[in-house]
Amino acid sequence: MAKRYDVIVIGAGPAGYHAAIRAAQLGLNTAIIEKWLDKEDKPVFGGTCLNVGCIPSKALLEASHKFVEARDHFDEIGIKVEGISADIPAMMTKKDQVVGNLTKGVAGLLKTNGVTAYEGSAKVSAGRQISFTGHDGKSEELSAENVIIATGSVPVEIPPCPLTDDFIVDSTGALEFSEVPKRLGVIGAGIIGLELGSVWNRLGSEVVLLEALEDFLPAADQQIAKEAAKQFKKQGMDIRLGTRVTGTEVKKGKVTVQYTDAEGEKNEVFDKIIVAVGRRPYTEELLAADSGVTMDERGFVHVNDVCLTDAPGVYAVGDVVRGPMLAHKGMEEGIMVAERIAGQMPLVDYDLVPSVVYTHPEIAWVGKAEQTLKAEGADYQVGSFPMAASGRAMANNETTGVIKVIADKGTDRILGVHIIGAQASEIIAEAVIAMAFGASAEDLGLTMFAHPTLSEGLHEAALAVSGHAIHIANRRRKK
Ligand code: FAD
Ligand code: NAD
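Since we're looking at a predicted model, the values are computed, not measured.

## Regarding the environment of N304
Within the secondary structure layout, N304 lies in the loop between strand 15 (279–281) and strand 16 (314–316). The class of N304 is partly exposed, set by a relative accessible area of 35%. For the pair N304 and R322, spaced 18 residues apart in sequence, the C-alpha to C-alpha distance is 9.7 Å.

Here it is, written out as structure tokens:
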């Protein structure tokens, strides 16, 4: 007879392992099934985020940022460094150690919480029957009161750029270069293109990003995106908008990329190419014909507002369903679903999903961009604070950037916060909390911030909404 659980989670990325741990915390008999094998073919938990996504990319971003600081900026603060060089194999080893510690940590957390872990792949049939096939080839039938699909996403491949082992790689390959490519082409100037392009640019590659759209970072506030484009250019990244890649050719250890732009057909020769044109939901071999789970027109598992699929008792969370492909969005969905299964009624607030681009300066935002509010005809006011006016930013030698608070003109309720600057990823959390509690710009202005901090810039930007900022000349003066 099939082994029966209260909850079976398929996929142990951030969405899946959060769902499983929360379900177990709530007293539900929970199992999780994960099929990922690492570089040494060992089963590991953590999914894309821990193995080839958020964590390894941030390890390389931090290491390469520190390298640039030491090479180019330490002398500005009175530190002399000579003979500095980047040891790429050592950087990779450190990154792999971080990944290893975290993936083992997730395995430990699942165990501590009493989640039964299965290493292999799962297929969903009608009535929440799950066929499990282990990495050893052995099969087992399982069943559950509730199933949570959290199978994530994989990189999109495009016909002009077929991946090769050495020359044309996706984001996973770009986390594994053993040396710095002299000339690096990046197809797509989205989040991955900018983050991984930054890593290799900092380490010495000449980086060219070929982006299909005419607009740079269209999801970000366009004032911030403009400043970001200026900073990336200054760092030596060559971002070419409005380009369409038509083909690639690998010859004599180089890759030639053919593309068209407004001026016509062009060629560029690179040592390596990273293809970073988005990710697609991953559901291969997941659903039996009778599963009752359906997809939308873009291949995402179809779910309602609370992540229930079209099959009773089957939920889906994370990258495999609609919404931004962000680890924290999937984590919150996983927790929401586990709690709903246990009889609670939480919701995810999709209007308050923060976005961060971990470049330097970092870019972070929550809520609506100014161009969106303008297009909606909203009546709003903006308060901005340049990091150049922050005492802590000056002391840190990090004066690039701006914090922008947008509030409703009538109610003063905060509608969006947009940041470019050092530690924007940390400061944005304060804005998310404020907005989650329906704060007005005045509320933020009345809140005491520790001095000296970069966060004071958020306080000042909130004060600037009503013309009360202290450390800048206010555009709008009010008593
Ligand atoms: P995944 O993490 O993709 O996990 C899905 C899991 O399901 C996988 O482990 C897979 O093996 C397993 N699985 C699939 N099918 C089956 C099956 N049939 N049986 C058993 N197991 C199965 N997001 C951020 O928020 N911040 C970042 O800084 C960030 N950086 C990123 C950097 C890079 C280079 C990349 C590629 C992504 C990054 N992301 C980032 C995105 C983030 O990694 C994803 O949003 C997140 O991992 C999605 O979580 P998930 O649990 O939905 O899916
Ligand atoms: P993306 O959607 O952010 O960017 C892809 C870019 O490629 C877009 O600008 C798109 O216009 C462009 N593009 C598409 N087809 C193209 C073509 N044929 N030629 C040239 N350009 C083309 O996707 P991504 O950067 O691949 O990242 C995938 C997902 O991973 C995203 O959803 C992102 O949210 C997530 N991610 C998040 C973080 C983070 O939160 N810091 C970091 C990395 C990845």
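More follows now that the structure is in view.
## A word on the sheet that holds strand 17 (residues 355–357)
An order of 17-18-21-20-19 is seen for the five strands of this open sheet, with the pairing classed as antiparallel. Edge positions in the sheet fall to strand 17 and strand 19 (380–386), since each has one partner strand and no second. The average undirected angle you get between the axes of adjacent strands in this sheet is 10°. As judged from the three bridges shared by strand 17 and strand 18 (residues 362–367), these two strands associate in the antiparallel manner. From the neighbouring strand, S355 faces strand 18, where its bridge partner is W365. Against the sheet, helix 7 (residues 222–234) engages strand 18, strand 20 (401–408) and strand 21 (414–421), with an angle of about 5° to strand 21.

## Considering the site of ligand 1
E34, T48, K58, D319 and A327 are the nearest of the 36 residues found near ligand 1. Within the backbone of C49, an N or O atom sits 3.2 Å from an oxygen atom of ligand 1. Take A122: an N or O atom from its main chain is 3.1 Å from a nitrogen atom of ligand 1. Relative to its unbound accessible surface of 1,000 Å², ligand 1 loses 94% to contact with the protein. For the shell around ligand 1, the leading source of residues is helix 2 (residues 47–52), giving four residues. The residue makeup of the shell around ligand 1, split by class, is 17 nonpolar, 14 polar and five charged.

## Some details on the pairing of strand 18
The element strand 18 is largely enclosed, with a buried count of five among its six residues. Here strand 17 hands over to strand 18 after four residues, the two strands then running antiparallel side by side. Here strand 18 pairs with strand 21 via six bridges, running antiparallel. From the neighbouring strand, I363 faces strand 21, where its bridge partner is I420.

## Describing the side chain of S143
The topology assignment puts S143 in strand 5 (residues 139–149). For S143, a relative accessible area of 4% puts it in the buried group. Engagement of the side chain of S143 in a polar contact is seen with the side chain of R4, the distance being 2.9 Å. For S143, the contacting residues outside a window of four places in its chain are A2, K3, R4, Y5, I8, R128 and Q129.

## Observations regarding the side chain of S425
Take S425: it is sitting in helix 11 (residues 424–436). On the accessibility criterion, S425 (16% relative accessible area) is buried. Side chain to side chain, S425 and E362 meet in a polar contact 2.7 Å long.

## Some thoughts on helix 8 (residues 327–341)
Count 3.6 residues to each turn of an α-helix, and residues three or four apart come out pointing the same way. Here helix 8 contains 15 residues, and its C-alpha end-to-end distance of 21 Å stays within 8% of the 21 Å for a straight helix at 1.5 Å per residue. Every buried residue of helix 8 is accounted for by K329, G330, E333, G334, M336, V337, A338, E339 and I341. Considering only its buried residues, helix 8 is in contact with strand 1 (3–10), helix 1 (14–25), strand 5 and strand 16. Downstream of helix 8 by one or two residues, G343 has phi in the positive range, about 100°.

## Here we look at the site of ligand 2
Lining the immediate surroundings of ligand 2 are 19 residues, of which I192, E195, E211, G278 and V356 lie closest. Between ligand 2 and I191, the relevant distance is 3.2 Å, taken from an oxygen atom to a main-chain nitrogen or oxygen of the residue. E211 places a polar side-chain atom, nitrogen or oxygen, 2.6 Å from an oxygen atom of ligand 2. Compared with its free state, where it exposes 840 Å², ligand 2 has 75% of that area covered by protein. At three residues, helix 6 (residues 191–202) tops the list of elements feeding residues into the shell around ligand 2.

## A word on the pattern of salt bridges
Side chains that differ in charge, positive against negative, can pair when their charged atoms come close. Within the structure shown, the criterion is met by 24 salt bridges. Where K329 meets E333, a salt bridge forms, and the shortest distance between an N and an O atom there is 3.1 Å. Taken together, the residues span about one helical turn, with K329 and E333 both in helix 8 at a distance of four residues. For the pair K329 and E333, one class covers both residues: buried. Note that K368 and E376 form a salt bridge whose closest N and O atoms lie 3.1 Å from each other. A network of salt bridges, in which partner residues are shared, links R183, E206, D238, R240 and E268.

## As for unusual backbone geometry
With an omega of 0°, the peptide bond between H360 and P361 qualifies as cis. Along the chain, P361 turns up in the loop between strand 17 and strand 18. Even without a glycine there, the phi angle at D41 is positive, about 65°. On the secondary structure map, D41 appears in the loop between strand 2 (30–34) and helix 2. According to the relative accessible area criterion, D41 is exposed, its value standing at 57%. Residue N397 is not a glycine yet carries a positive backbone phi of 60°. Tracing the backbone shows N397 in the loop between helix 10 (391–395) and strand 20.

## Remarks on the sheet that holds strand 13 (residues 264–270)
Taken together, the three strands give an open sheet; going across it, the order is 11-12-13, and neighbouring strands pair in antiparallel fashion. The open sheet is flanked by strand 11 (244–251) and strand 13, the only strands paired with a single partner. Along the sheet, successive strands turn relative to each other by an average axial angle of 20°, direction set aside. Both strand 11 and strand 12 (residues 254–261) contribute to a ladder of seven bridges, which runs antiparallel. Bridged to R244 within strand 12 is T260.

Conventions and cut-offs
Residues numbered from 1 in each chain as written. Chains lettered and ligands numbered in written order. Predicted model: local features only at pLDDT ≥ 70, side-chain atom pairs only at ≥ 80, totals over all residues. Heavy atoms only, no water. Helix = DSSP H or I, 4+ residues; strand = E, 2+ residues; numbered from the N terminus. Buried < 20%, exposed > 50% of the residue type's maximum accessible area, 1.4 Å probe, protein only. Pairing = 2+ DSSP bridges. Axes fitted to C-alpha atoms, helices over the stretch in contact; angles between N-to-C directions. Contact = heavy atoms within 4.5 Å. Near = heavy atom within 4 Å. Polar contact = N/O pair within 3.5 Å; in protein donor to acceptor, adjacent residues only side chain to side chain. Areas by Shrake-Rupley, 256 points an atom, 1.4 Å probe, with all protein chains shown as cover. Nonpolar A, V, L, I, M, F, W, Y, C, P; charged D, E, K, R; others polar. Expected span 1.5 Å × (residues − 1). Salt bridge = Lys/Arg side-chain N within 4 Å of Asp/Glu carboxyl O.

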